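# Observations on the model geometry
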Amino acid sequence: MKCARIKPFVFLSTLWLTLLIVAPQAEAADVIYNFANVFSGGTPSGPAPWLTADFSDAGANTVLLTITANLTGGQFATETDFNVDPAKIAGLSYIQSTGVLATLFAPSEDAYKADGDGKYDIEIDFPTSGTRFTGSDVATFTFTGSGITAGSFDFLSSPDGGPGPFHAAAHIQGIPGGGEDSSWISESAVPEPVFYQLGGMLALGTLGIMRIRRKNP
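Scope of this entry: the structure provided in the associated data block. This is a predicted model, so every value here is computed, not measured.

### Quick notes on the overall build of the protein
From N to C terminus, the protein includes two helices and 13 strands. In the protein, buried positions account for 36% of the 217 residues. When contacts within the protein are restricted to residue pairs at least 6 apart in sequence, long-range pairs at least 24 apart make up 70% of them. Approximately 11200 Å² of the protein is accessible, and the part contributed by carbon and sulfur atoms is 59%.

Written as structure tokens, this is what we have:
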């Protein structure tokens, strides 16, 4: 019995249409960093990610950053660092909306360094004493600037020796158990943009069609 042939034109047309529809949506999606990689110091206790940072569109020229802790055993976050599109730094500003009161540093290209990693454009510091950013705390920050979207924060730090570069970094202190009592962490492996993932699917689909045609001349 012969297998039904797949019409290459129909398959490829459908997949390319999917690419055209999904790729623009990917640009508007949240930019989420799960801090699960230790690049200096000890390893925080408890399950990773120990922090999560979510950049989401909140209207024209406005982006909301939500930082969520997942820290146990008295551990606390004291610093978070992020990057932004160099073309969007001029005029970029932000305020804290909710959460443990943080110290906000003005956005400035390559102005802030995270331990031995590269240089970042934005630094947000939480208290080292008193009311700390710990447990399952959540803090939100509102960024405003001409033409910014969540994707404007999908940039790597500038290399400056040591590990990295990374999209984001954070400092965790109060690690229990002795030894290194602090840790510098970054986002885990960065997924490829959806457009390129679908491009890979297209290539695999084309290869599959070629194999089917060879088996069923």
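That was the structure; now back to the text.
### Examining the packing of aromatic side chains
Scanning all chains against the criterion turns up ten aromatic pairs. Between the aromatic rings of Phe55 and Phe153, the centroid separation amounts to 4.4 Å while the plane-to-plane angle is 10 degrees, which identifies the pairing as stacked. You can see Phe55 sitting in strand S2 (residues 51–57) and its partner Phe153 sitting in the loop between strand S11 (138–144) and strand S12 (168–173), a full 98 residues away along the chain. Both residues of the pair, Phe55 and Phe153, belong to the buried class. For the ring pair Phe126 and Phe133, a centre distance of 4.2 Å and an interplane angle of 10 degrees mean the geometry is stacked. Pairwise contacts between aromatic rings join Tyr33, Phe55, Phe82, Tyr94, Phe143 and Phe153 into one cluster. The side chain of Arg132 reaches across the aromatic face of Phe76, ending 4.0 Å from its centre.

### Some words on the nonpolar core
Membership of the largest hydrophobic core comes to 34 residues, with the highest contact counts inside it found for Phe55, Phe82, Ile124, Phe141 and Phe143. Among the nonpolar cores identified, the runner-up in size contains six residues, and Phe39, Ala114, Phe166 and Ala169 belong to it.

### Structural notes on the pairing of S12
S12 sits mainly inside the fold: five of its six residues count as buried. Summarising the sheet, strand S4 (residues 76–82) and S12 pair through six bridges and their orientation is antiparallel. For Ala77, the partnering residue across the bridge sits in S12 and is Ile172. Relative to strand S13 (residues 182–187), S12 is paired through five bridges, and the arrangement is antiparallel. Among the inter-strand pairings, Ala170 is bridged to a residue of S13, identified as Ile185.

### So, the environment of Gly162
Mapping Gly162 onto the fold places it in the loop between S11 and S12. With a relative accessible area of 68%, Gly162 lands in the exposed category. As a C-alpha pair, Gly162 and Phe39 span 123 residues in sequence and 9.0 Å in three-dimensional space.

### Things to note about the side chain of Asp125
Position of Asp125 relative to the elements: it lies in strand S9 (residues 122–125). One buried charged residue, Asp125, remains without a salt bridge, the closest side chain of opposite sign being Arg132 at 14 Å. Asp125 has contacts with Thr78, Glu79, Ala102, Thr103 and Phe105, leaving out every residue within four places of it along the chain.

### A closer look at the side chain of Glu187
Mapped onto the elements, Glu187 comes out in strand S13. Of note is the side chain of Glu187, whose polar atom sits 3.0 Å from the backbone nitrogen of His167. Within the structure, the side chain of Glu187 is placed 3.1 Å from the backbone nitrogen of Ala168, a separation counted as a polar contact. Setting aside anything within four residues of it in sequence, one finds Glu187 in contact with Tyr33, Asn34, Phe35, Ala36, Asn37, Phe166, His167 and Ala168.

### Notes on the environment of Gly73
You can see Gly73 is positioned in the loop between strand S3 (62–69) and S4. Accessibility expressed as a relative area gives 60% for Gly73, which makes it exposed. In this structure the C-alpha to C-alpha distance between Gly73 and Pro44, which are 29 residues apart in sequence, comes to 9.5 Å. Ignoring any residue separated from it by four or fewer positions in sequence, one finds Gly73 in contact with Gly174 and Pro176.

The rules we used
Residues numbered from 1 in each chain as written. Predicted model: local features only at pLDDT ≥ 70, side-chain atom pairs only at ≥ 80, totals over all residues. Heavy atoms only, no water. Helix = DSSP H or I, 4+ residues; strand = E, 2+ residues; numbered from the N terminus. Buried < 20%, exposed > 50% of the residue type's maximum accessible area, 1.4 Å probe, protein only. Contact = heavy atoms within 4.5 Å. Areas by Shrake-Rupley, 256 points an atom, 1.4 Å probe, with all protein chains shown as cover. Phe/Tyr/Trp six-rings, centres within 6.5 Å; stacked < 30°, edge-to-face > 60°. Lys NZ or Arg CZ within 6 Å of the ring centre and 35° of its normal. Core = buried A, V, L, I, M, F, W, Y, C linked by side-chain atoms within 4.5 Å. Pairing = 2+ DSSP bridges. Lys, Arg positive; Asp, Glu negative; His and termini not counted. Salt bridge = Lys/Arg side-chain N within 4 Å of Asp/Glu carboxyl O. Polar contact = N/O pair within 3.5 Å; in protein donor to acceptor, adjacent residues only side chain to side chain.

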